Every structure is written in structure tokens, then in C-alpha cells.
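Coordinate inspection notes
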Amino acid sequence: MDDSPKPPSDPTPPLPPPAQSHTGSPTDFLKGVVGKRVIVRLTSGVDYRGILSCLDGFMNIALEQTEEHVNGIVTNRYGDAFIRGNNVLYISAAEPI
Amino acid sequence: MESNGIQEPFDLIRLSLSERVFVKLRGDRELTGILHAYDGHMNLIMSDVEETIMIVDPESAANGQGVVNVAKRKMEMLFVRGDGVILVSPPART
């Protein structure tokens, strides 16, 4: 039943090892940015810049030291902010992960 | 890095119960009021609420910033449907 030749015992991996922090799943990215400065853009176009405290599976987000930016202008500041996940368009890392 | 033991975003809301919170809603509306209850949809029960509605005048919107009119009203007790919520901010924490 084993008609094909066996590969050598030490097959070379099909993919090169991951380059430093530039690959990985979306989940890996999100784990990496917790505690870092991020920019959260909502579908409305409003940006929130702050430190990502945590987030959940709905992409609900808790931010600290948050600035609300509308058209590049700071329109509000919040010590803490909860953002409901359905409004989130993207989360951008604002410092090296 | 967790500065005050928040494990998940809803902890922020839980710690704001019985406090005055700021809520940003869809449709250029904002609320401030005392948070009494919430659930996983972010349905909210609030009391002593002031609602601020930003009304953009299309005529003057052409020549710059468009917020011309701000309407306010007060409500004693309010149920907020969760899908209208954009952001909730607790009072300045200790």
C-alpha cells in the first residue's frame, strides 16, 4: 500500500521561517498591539488615537488616553473609551509592535 | 501594561455603573447620564440624561464647518438600544 517512495527523514520545510513580526495571523497582530498606541478608524471616518487596553471577539475596544480626530482635528479627549465593535473599520499600529 | 486590571472592554462599562458617563450615538447625538445597567448588546439604562443633538445646516455647511445648531433635551430615564452606540466614556478614573 505504500507505493510511493518515502521522503527523506529530514524534509525541508515548505516555507521559510517567518520574518520578524511581519507575518502572522490577524489575531497575532491584535495580541501584539495590546498595550501599544493605535489608531482606530470607524466606518464614519472618525479616528481614535490612544493606547489599546484590550479588545474582544466583537472587536469592542477599550482605549486609554484617547483623542478623537475628525478631519485631522482633535475634537475630544477621553481618559478611557469603550468603542462598540460594529463601528470599527480598522486598527492601525501607531508605534512599532 | 494593564494599568488598572481591565481584562475585556466590558470591564470599562462595568466599572462605570452608577457613574455619569458620556455616550456617543449614531446620528450625531451624544448623551450624558448616570449608567444603571447594560448588557452584551450595549443596551443601556440611564437616568438624569441630557441629550445633545448636532444639527448641520446644509446652507452654511458649504462655507466651512457645518455645525450650526445644537439641540439639547433632558430625560429622567432612558433605555438606549445598543446598536446605536458608538462610544462610551466613563468619568475620569482614579
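Cut-offs applied
- Residues numbered from 1 in each chain as written.
- Chains lettered and ligands numbered in written order.
- Predicted model: local features only at pLDDT ≥ 70, side-chain atom pairs only at ≥ 80, totals over all residues.
- Heavy atoms only, no water.
- Contact = heavy atoms within 4.5 Å.
- Buried area = accessible area lost by both parts, 1.4 Å probe.
- Salt bridge = Lys/Arg side-chain N within 4 Å of Asp/Glu carboxyl O.
- Helix = DSSP H or I, 4+ residues; strand = E, 2+ residues; numbered from the N terminus.
- Nonpolar A, V, L, I, M, F, W, Y, C, P; charged D, E, K, R; others polar.
- Pairing = 2+ DSSP bridges.
- Phe/Tyr/Trp six-rings, centres within 6.5 Å; stacked < 30°, edge-to-face > 60°.
- Buried < 20%, exposed > 50% of the residue type's maximum accessible area, 1.4 Å probe, protein only.
- Core = buried A, V, L, I, M, F, W, Y, C linked by side-chain atoms within 4.5 Å.

1. Quick word on the interface of chain B and chain A
By a frequent convention, interface size equals the accessible area lost on bringing the separate parts together. Each side of the interface is counted separately: chain B has 25 residues, and chain A has 24 residues. Between chain B and chain A, roughly 2,000 Å² of surface is buried when both sides are summed, and carbon and sulfur atoms account for 56% of that area. A per-residue breakdown of the area chain B buries against chain A is headed by Pro 9, Ile 86 and Leu 87 of chain B, which together make up 27% of the total. Note that Glu 68 of chain A is salt-bridged to Lys 24 of chain B, the shortest N-O span being 3.8 Å. When residues of the side of chain B that touches chain A are traced back to their parent elements, those giving at least two are helix H1 (9–14), strand S1 (20–25) and strand S5 (85–89) of chain B. When residues in the side of chain B that touches chain A are grouped by element, the largest group, 5 residues, is from S5 of chain B. Along the lines of polarity and charge, the residues of the side of chain B that touches chain A split into 13 nonpolar, 6 polar and 6 charged. As paired strands, strand S4 (residues 73–83) of chain A and S5 of chain B are joined by 2 bridges and run antiparallel to one another. Bridging from a neighbouring strand, Phe 82 of chain A pairs with Val 88 of chain B of S5 of chain B.

2. Side note on the packing of aromatic side chains
For any pair of aromatic rings, the description rests on two quantities: the centre-to-centre distance and the angle between the ring planes. A full pass over the atoms with the stated rule returns 3 aromatic pairs over all chains. Pairing Tyr 78 of chain A with Phe 22 of chain B gives two aromatic rings, centres 5.5 Å apart and planes at 35°, and the pair type is tilted. Separated into two different chains, Tyr 78 of chain A in strand S4 and Phe 22 of chain B in strand S1 make up a pair that spans both. Residue Tyr 78 of chain A shares its accessibility class with Phe 22 of chain B, and that shared class is buried. Considering the side-chain rings of Phe 82 of chain A and Phe 10 of chain B, the 5.3 Å spacing of their centres and the 45° angle between planes classify their relative orientation as tilted. Pair noted here: Phe 82 of chain A is in strand S4 and Phe 10 of chain B is in helix H1, and the two residues belong to different chains. Judged by its relative accessible area of 0%, Phe 82 of chain A is buried. What makes Phe 10 of chain B buried here is its relative accessible area of 11%.

3. Examining the nonpolar core
Ranked by size, the top nonpolar core spans 21 residues in total, and within it Val 23 and Met 46 of chain B carry the most contacts. Of all the secondary structure elements, the ones that give two or more residues to this core are H1, S1, strand S2 (29–38), strand S3 (44–56), strand S4 (67–80) and S5 of chain B. The contacts of Met 46 of chain B, once residues within four sequence positions are left out, are Val 21, Val 23, Leu 31, Thr 32, Gly 33, Ile 34, Leu 35, His 36, Glu 76, Met 77, Leu 78 and Val 80 of chain B. Core analysis: the second largest hydrophobic core is formed by 18 residues, Val 40, Leu 42, Tyr 78 and Val 88 of chain A among them.

4. Here we look at the pattern of salt bridges
For side chains of opposite charge, pairing can occur when their charged atoms come near one another. All names here are of chain B. Per the stated rule, a full pass over the model turns up 9 salt bridges over all chains. Between Asp 11 and Arg 14 there is a salt bridge, with the nearest N and O atoms lying 3.3 Å from each other. On the criterion of helical spacing, the pair formed by Asp 11 and Arg 14 is a turn pair, its members being 3 residues apart in helix H1. A relative accessible area of 8% means that Asp 11 is categorised as buried. For Arg 14, a relative accessible area of 44% corresponds to the partly exposed category.

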